[in-house]
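Examining the three-dimensional arrangement
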Amino acid sequence: MIVVTGATGNVGRSLVRVLVEAGEQVVATSRGISEADVPQGVRHRRADLTAPDGLRPVFDGADTLFLQSGSGAHLISPQDILDAAKAGGVTRVVLLSSQGVATRPESPSHGAVMRSIEDAVRESGLDWTILRPGGLDSNRYAWAEPVRAQRTIAAPFAGVGLPTVDPDDVAEVAAAVLREDGHAGRVYTLTGPTPVTPRQQAEAIGAAIGEPIRFVEQTRDEALAQMLRFMPEPVAQTTLAILGEPTPEEQRVSPDVERVLGRAPRPFAAWAHRNAAVFR
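Residues numbered from 1 in each chain as written. Predicted model: local features only at pLDDT ≥ 70, side-chain atom pairs only at ≥ 80, totals over all residues. Heavy atoms only, no water.

1. Section: helix α1 (residues 10–21)
Spacing of three or four residues puts side chains on the same side of an α-helix, whose turn is 3.6 residues. Going by this rule: Put simply, DSSP H or I for four residues or longer makes a helix, DSSP E for two residues or longer makes a strand, and each gets a number counted from the N terminus. Every helix has an expected span of 1.5 Å times one less than the residues it contains. Under the scheme applied here, a residue whose accessible area is under 20% of the maximum for its type counts as buried, over 50% as exposed, and between as partly exposed, the area being computed with a 1.4 Å probe on protein chains only. Contact between two residues is taken to exist if any of their heavy atoms lie within 4.5 Å; hydrogens are not considered.
The terminal C-alpha atoms of α1 lie 17 Å apart, and with twelve residues this matches the ideal 16 Å at 1.5 Å per residue to within 8%. Regarding α1, the residues found buried are Val 11, Gly 12, Ser 14, Leu 15, Val 16, Val 18 and Leu 19. Tucked into the core, α1 has its buried residues touching β1 (2–4), β2 (26–30), β4 (64–68), β5 (92–96) and α7 (167–179). Downstream of α1 by a residue or two, Gly 23 has a phi angle that is positive, lying close to 90°.

Pasting the structure below:
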């Protein structure tokens, strides 16, 4: 049995579906999960990763854990989670981490905290695999409201490309690693098939909905002011550094999606077409 944390997120929701379609027994967990959030018949349990009490019953009878740690800022000690998992019978853990562990190791939001969680997983005594996605295509949900209302997208660094990754590809890699042998001790960096710029993403969304999208390039200061409405300044500054001055590694296309799945990762345009209804 596989426990999936973060089961209502962009990766976790798809992962639950993929595992169920493969015939796996799944326990889907998140802080506010309900029956409406999971496929029919799938067990779901509310689990708060910031509160150790009550975690143990989630893992009873499970042998595998998908740990979605988010930024890491909202977790109790990862060791407490891993200890509860081991006590429940878990022997394998797959951690959804971040590419920033390697590319921004000094960043509190993108590297340092996640590194501490990775270290706990490595030292847990469990068979482990770590997934490090770059930026997710689904981050562009943030553009949905202005596209619906004004057919306009505003973003900085219009011509800077990054190989963002489809969250469904991340989910399918996670499902393979959770179900198959041969991945223990591996770290996989997950990207899309090619770097794509914000302007190109806007064009892809326009093509998906069948209407032109007006693109407005923001200055860095304009983008920062917008980000500060919903994220701390250190997180916003690091995010802007990645978007505007990515390292060569952040722009590199990784072979790991194809290595695990035997196929190339999906392009951004495929994600846009699949999610066109969000932008109409």
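2. Some thoughts on unusual backbone geometry
Phi is positive for Arg 151, close to 50°, though the residue is something other than glycine. Within the chain, Phe 157 stands out as a residue other than glycine whose phi angle is a positive 55°. One can find Phe 157 in the loop between β7 (152–156) and α7. Residue class for Phe 157 comes out buried when judged on its relative accessible area of 18%.

3. Focus on the side chain of Ser 30
Formally: Here a polar contact is recorded for every N or O atom pair within 3.5 Å, except that within protein the pair must consist of a potential hydrogen donor and a potential acceptor, and residues adjacent in sequence are included only if both atoms are side-chain atoms.
You can see Ser 30 is positioned in strand β2. Owing to a relative accessible area of 9%, Ser 30 belongs among the buried residues under this scheme. A distance of 3.4 Å separates the side chain of Ser 30 from the side chain of Thr 8, its partner in a polar contact. In this structure the side chain of Ser 30 is engaged in a polar contact, spanning 3.3 Å, whose partner is the backbone nitrogen of Ile 33. Leaving out residues up to four positions away in the same chain, Ser 30 has contacts with Gly 6, Ala 7, Thr 8, Arg 45, Arg 46 and Ala 47.

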